[in-house]
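Per-entry structural report
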Amino acid sequence: MKVRLPTMIQDPLTSRYKGMRLQESFYITQEPFFLDGPVTMRLAVVDFDPETGARVPGARFVPPAGDRTVGYYALANPYDIYAPDFIQVNAFSTVLKTLYMFEEADTLGRPVAWAFGAPQLLIVPRAGEWANAFYERDSHSLQFFYFDAGGGRIYTALSRDIVAHEASHAILDGIAPDLYNACTPQSLALHEAIADLTALLMAFSSHSLRRVVLEQTGGSIRDSTAFSAVAEEFGRALDPAGRIGYLRSLLDPVTMDQVPRSEPHALSVVLSAGLYQVMVRLHEWLKQRYVRETGKPELSVSGRALGIGTRWFKSLIFRALDYLPPGEVTFADYGRAVLAADQALFPDNDLLREWMRQEFIRRRIVSSSAQLAVETDFEHPALLDADLQTLAESDWAAYFFANEHRDLFGAPMNVPLRVRPRLDVTKRYYFREGSRDVRELIFKVSWDHYEPSGLGRPFPAQRQITMGATLAVDWETRRVRARLVSQHGQQEQSDRDELLDRLASAGLLLPGAYALGFDGKPLRAAVRAEIMSDELMRVRRTANLLHLIPEG
Amino acid sequence: MEALRVRCYNVRFGDAILISIPDRTAAGSPITRHMLIDMGNVLSGAGGQDELFAPIIQDIQSQLRGRPLDLYVMTHEHLDHVQGLPYAHTKLGISLQARHAWLTASAAPDYYDRHPEARRRLEALRQAYAQIERFLSASPSLLSPALQAVLNNNNPRQTGDCVDFLRSVGRKTWYVYRGYDISRRPALRDAKLEIWAPEEDASIYYSPILPMALNAPADFSLALDTLSPPAGVDAGTFYNLVEMRRRGFMDNLLAIDRAANNTSIVFGLEWRGWRLLFAGDAEIRSWQTMFHKGILRPVHFLKVSHHGSFNGLPPAPILDTVLPQPAPDGRPRHAVVSTFPGTYNNVPDAVVLEELAARCTLHSTLEIPDGAYLDIVFPP
Ligand SMILES: [Zn+2]
Ligand SMILES: [Zn+2]
């Protein structure tokens, strides 16, 4: 079934900009069913009346009928963007579009599952009055609040940036669920950087928006003053927590040694701005190429270059997410995953990889390109006669295999291993002679690692964290396409100490029962130190620090 | 020569502490100064029993021998710290007088006129309290004894009446904070008092309020017409969402409780080389503030904050400042906790008490009968 959906291009207060259209439509065909809400197999809008708390009926779905081949959601007034049904449909379509961006064949090449283990992500488009929006695993939901500012009511569910940002937290949680409980500040910062870049990519995926940006910047996204002026224009109206300043922060030259090592938001800028520089160089490079190829002036090829560049960049930064080792990860772990994924994607073209390495060194994320070296494309005897289908399907077989071949996973001896659900993905790869689909088995194992908690009583003296390895195996050749193993040193451990100490001092990290309410269920705005024994704790729900837990 | 004595009464869940300090008059003759810190207990459950106040106040009167208290301290506006004297006055017909009374700065009648930011934050807390109270009174099945206790303890109307009464306990009433001039209020010759908390601007103790979505009925079965899941959505998942959406009320109730605790008057008392610290119910935010202002010093006595809960225990580096290990001088060290189990969640906390007991001699009102007292004596 084919269905047409409207989405807001930009938030309502700024999209009056230069006569730009407020909405654009897109068509979808992949979903097995549509219900009022909108409700589909993987998403469900649940709208509540802000006054009474009663559930509000969702927008009505009109299926194709007669000679009308396209289904749609009937809106009382399609031009009234403040009507509840428009807000419902917009939040839904923006989340769906974001989801597709991750799942496409040149990106993850697989459907994303939610971290909470249920089929539907719930979307609450008018969650209440607050200048905020968040993803919350425990309630399976994205919640978008509204607030009054400058004489008008602002619905965060109408902002493409905010919806894409929060949706990507939910999507990334499904891909790398351990980040939700991570205590390495860079793990949380990675969540935030990916969310900001997703918002950017969603903006660049809009043809109208690309055109406005390029008109305003003379065809270059490198020009920081012009670009940030546009960025600011887009961000000004909807800036609940100063968060939408992300567009400007993408141009920040900041390096690792200039930010506090335990602050995820500040850290995330180092990564997102670093990756953005790769995007800028890619855009410039594509423009030069198209100028050469077509003889047209730079400005007129800049739109095409941005369109193509956005796609390449998107596969570069998202495809890597499936390669992340389980557990705590650092920016360097992510950098290695990006390089491994790109090596597999474009074996013959080292261009983006070289820019990545330069940027990671310039930002002082690593000190040399040796630290970004990944083991790719090698053979291991254990894989030659392994039954990959069984390994993919049976936890038992996978566990036995991993336990037997610890060396293949780079796992330490004498620690219990845990196997994660294997992924059977088919992705599109590009070679000099064209593209082809490659089937890959992604096999992850994890293990516990113990270190001093660094916190005084009543916190236990030791903390447990998760480490792990990812193996990507070519289904056909049985060669290992990439192996990524957690690499954590003293620095990462002291970063964790610093974060947890800061949270404990602020009363946000609470031991055991103190992180629960009077009914024994978790408090919403607390990071929990789970007491495993007198001597051992582990940390839970740190990702809520990103948006849900108000600090200060 | 006489010793300084801290007498801690068992009022179940609450505080009542009498300090008797050997001192001298202007003419140089010996005299004992008496200071009473708080008097109250929670109003619900086994943790509150008002009959206890009669023998306690009689004991205080016998110590005073017809003279007024030199100082009465109301650390903060929680029923378990303020409700005893008004009760004794109206229900038992016995009163205590004091020359001076210290009330926490934010209890001053004009405080919120002078501090608009604190007013804004207080109003947000009060509004949240009213919503939570309304919600819980409509859903008695959710109201556990612990929830009832924290709700009562923070009831602004009841607390307000008690505070009004306490304004007139002292012949002179001072609304104090760190930096407030307390010299000769009261006059002490051999002892020195120093206020360490709260800060004058109480707004630093108020944390932000989470949205609560309390307008939907608590009992889902009564609201099937307005609160049923949309077609295609699992009912269990839907009701979990409804519940999670209002879940912030637990956070908010604790934030309300925490804000009042953090406005506690915390003061140090120095006498003949002994240093005593009375911490009220100060929680982490207040400990942090004192720590960062560099006020805290090693002490020989600690009135354990907030009835032995984790929230009242100074975080590790601060505890190491107040009760360093090993002790910096040879003198014995004591801590006293006034508490009662089964009232507030996880109070008292065994790990907290263990940690304190590892550093000093820990005394607890749990060791003595209701209405009785324990004495800690500091020789000259
Ligand atoms: Zn975020
Ligand atoms: Zn108390």
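What comes next concerns the included structure. All values reported here derive from a predicted model rather than from experimental measurement. Every chain is numbered independently, its residues counted from 1 as its sequence is written. Chains carry letters from A onward and ligands carry numbers from 1 onward, assigned in written order. Restriction of local features to residues with pLDDT of at least 70 applies here, the model being predicted, together with a cutoff of 80 or more for giving and counting side-chain atom pairs; totals for whole chains, interfaces and linings are based on all residues. To obtain the side-chain values, all non-hydrogen atoms of the structure were used and water was disregarded.

**Points about the overall build of chain B**
How we decide: A run of DSSP states H or I qualifies as a helix once it reaches four residues; a run of E qualifies as a strand once it reaches two. Both are numbered from the N-terminal end. As defined in this context, the radius of gyration uses C-alpha atoms, and a globule is described by 2.2 Å times the residue total to the power 0.38. Note on contacts: a residue pair is in contact if any heavy atoms of the two residues lie within 4.5 Å. With residues, only the protein chains shown are counted as cover, and all accessible areas are computed by Shrake-Rupley using a 1.4 Å probe. For this count, His and the chain ends are skipped, Lys and Arg are scored as positive, and Asp and Glu as negative. Every charge is mapped to an atom, namely NZ of Lys, CZ of Arg, CG of Asp or CD of Glu.
A tally of regular secondary structure across chain B gives 12 helices and 13 strands. In summary, chain B has a C-alpha radius of gyration of 22 Å against a globular reference of 21 Å for 380 residues, a match within 12%. The principal-axis extents of the C-alpha atoms in chain B amount to approximately 85 × 50 × 45 Å. The long-range share in chain B, meaning contacts at least 24 apart out of those at least 6 apart in sequence, stands at 75%. Within the structure as shown, chain B displays about 14000 Å² of accessible surface, and the carbon and sulfur contribution to it stands at 52%. For chain B, the centre of its 37 positive side-chain charges and the centre of its 40 negative side-chain charges are spaced 8 Å apart.

**With respect to the pattern of salt bridges**
Put simply, the rule is: For salt bridges, the criterion is a side-chain nitrogen of Lys or Arg within 4 Å of an Asp or Glu carboxyl oxygen. Three labels apply to residues, based on accessible area from a 1.4 Å probe with only protein chains included: buried if under 20% of the type maximum, exposed if over 50%, partly exposed otherwise in between.
Going through the model one piece at a time under the given rule, you end up with 63 salt bridges over all chains. The closest approach of N and O atoms between Lys-427 of chain A and Glu-440 of chain A, which form a salt bridge, is 3.6 Å. Taken together, the residues Lys-427 of chain A in strand β15 (residues 423–431) and Glu-440 of chain A in strand β16 (residues 434–452) connect sequence positions 13 residues apart. The same class applies to Lys-427 of chain A as to Glu-440 of chain A, namely buried. Here Arg-24 of chain B ties to Asp-190 of chain B by a salt bridge, and the two come within 2.6 Å at their closest N and O atoms. Pair noted here: Arg-24 of chain B is in strand β2 (residues 14–24) and Asp-190 of chain B is in the loop between β6 (170–176) and β7 (191–197), with a separation of 166 residues, a long-range link. Through salt bridges with shared partners, a single ionic network connects Asp-342, Asp-350, Arg-353, Glu-354 and Arg-357 of chain A.

**Comments concerning empty space enclosed by the protein**
Over the atoms rolls a probe the size of a water molecule, and its path tells where empty space is left. Residue and element names in this part refer to chain A. The line we're drawing: The way it works is a 1 Å grid over only the protein atoms, where trapped points that fit a 1.4 Å probe form a cavity and open points with protein on both sides within 12 Å along at least five of seven lines form a pocket, and then any residue with an atom within 4 Å of a point lines it. Grid points are joined across faces, edges and corners, and a volume is the space filled by probe spheres set on the points.
Evaluated as defined, the whole model comprises 8 cavities of 30 Å³ or more. Reported here for the largest cavity is a volume of approximately 80 Å³. Lining the largest cavity, in full, are Tyr-135, Glu-166, His-169, Tyr-180, His-191, Ala-543, Asn-544, Leu-546, His-547 and Leu-548.

**Remarks on the packing of aromatic side chains**
Aromatic rings in a pair are described by how distant their centres are and how their planes are angled relative to each other. Counted only if it meets this: Pairing of aromatic rings covers Phe, Tyr and Trp, the last counted by its six-membered ring, and requires centre-to-centre distances within 6.5 Å; plane angles under 30 degrees mean stacked, over 60 mean edge-to-face, and any other angle means tilted. A ring is considered to have a charge above it if a Lys NZ or an Arg CZ atom is located within 6 Å of its centre and within 35 degrees of its normal.
Under the definition given, this model contains 32 aromatic pairs over all chains. Geometrically, the ring pair formed by Tyr-82 of chain A and Tyr-155 of chain A is tilted, given 6.2 Å between the ring centres and 45° between the ring planes. Note that Tyr-82 of chain A is positioned in the loop between β7 (70–74) and α1 (84–103) and Tyr-155 of chain A in strand β12 (residues 152–155), a separation of 73 residues in sequence. A relative accessible area of 34% places Tyr-82 of chain A in the partly exposed class. The exposure class of Tyr-155 of chain A is buried, given its relative accessible area of 12%. Plain terms: the ring middles of Tyr-146 of chain A and Tyr-155 of chain A are 5.5 Å apart, the flat faces sit at 50° to each other, and that makes the pair tilted. With relative accessibility at 5%, the residue Tyr-146 of chain A sits in the buried group. Three or more aromatic residues link up through ring pairs in this structure, and these residues are Trp-102, Phe-267, Trp-274, Phe-278, Phe-301 and Phe-378 of chain B. When the ring centre of Tyr-27 of chain A is taken as reference, the NZ or CZ atom of Lys-2 of chain A above it lies at 4.9 Å.

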